[in-house]
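Report on the structure
Single-letter residue listing:
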Amino acid sequence: MGFQVDWVPSPNFTPASQVPAAFGRRKTNEIVVGHWWGDPNSKPSYNGVVSWFKNTKSQVSAHYVVGQGKMCQMVDEDDAAWHARQANQFSIGIEFNPNPTDDDYQRIGWLVYDIRRRLGNLPLRPHNAYVNTQCPGSTDLARIDRI
């Protein structure tokens, strides 16, 4: 089973050619970092997070956004999205619904599977392993790994 991934570019990223100057090393894909869209109590939405990542004032992005029956890629995997500070230069960032449905889990799991099929068995790590944050909340990363 596959899912459609739309291309919705964000202006907020560091091109691969500029990553060494910005981060001190070339861009690599060693891990996948899981994020939530924000505090579930604020009722964030797929369209809201995509709009925020398209806004140059936000200064944030992720490679992918998944949830509410939709999935898009916003930054090329060879470029550094701005999602996990010191991990940007060696990771692929996925933003997902903070209240994931079974469909959301299937989409995220399929995406992680597809990334691993193409790039190797990259570990899935929570955002809070790299930045002092509650993100990705209670999202079950082990469930994503099992899919």
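Overview of the structure. (Residues numbered from 1 in each chain as written. Predicted model: local features only at pLDDT ≥ 70, side-chain atom pairs only at ≥ 80, totals over all residues. Heavy atoms only, no water.)

Of all the positions in helix 2 (residues 46-54), only Tyr 46, Val 49, Val 50 and Phe 53 are classed as buried. All buried residues of helix 2 lie within an arc of 100 degrees about the axis, which places them on one face of the element. Contact partners of the buried residues in helix 2: strand 4 (64-67), strand 5 (70-73) and strand 7 (91-96). (Buried < 20%, exposed > 50% of the residue type's maximum accessible area, 1.4 Å probe, protein only. Helix = DSSP H or I, 4+ residues; strand = E, 2+ residues; numbered from the N terminus. Arc of directions from axis to C-beta. Contact = heavy atoms within 4.5 Å.)

Attention shifts here to the pairing of strand 5. Pairing geometry for strand 1 (residues 6-7) and strand 5, over two bridges, is parallel. For Asp 6, the partnering residue across the bridge sits in strand 5 and is Cys 72. In this sheet, strand 5 lies alongside strand 4 in antiparallel orientation, the contact comprising four bridges. Across the sheet, the residue bridging to Val 65 is Cys 72, located in strand 5. Between strand 4 and strand 5, which pair antiparallel one after the other, the connecting turn spans two residues, and Gln 68 there sits at a positive phi close to 55 degrees. (Pairing = 2+ DSSP bridges.)

So, about unusual backbone geometry. Here the residue pair Cys 135 and Pro 136 is connected by a cis peptide bond, since its omega of 15 degrees sits within 30 degrees of zero. Structurally, the position occupied by Pro 136 is in the loop between strand 8 (124-126) and helix 4 (141-146). Phi angles above zero are rare outside glycine, and Lys 43 is one such case at about 55 degrees. Looking at the secondary structure, you find Lys 43 in the loop between strand 3 (31-36) and helix 2. Residue class for Lys 43 comes out exposed when judged on its relative accessible area of 71%. Phi is positive for Arg 85, close to 45 degrees, though the residue is something other than glycine.

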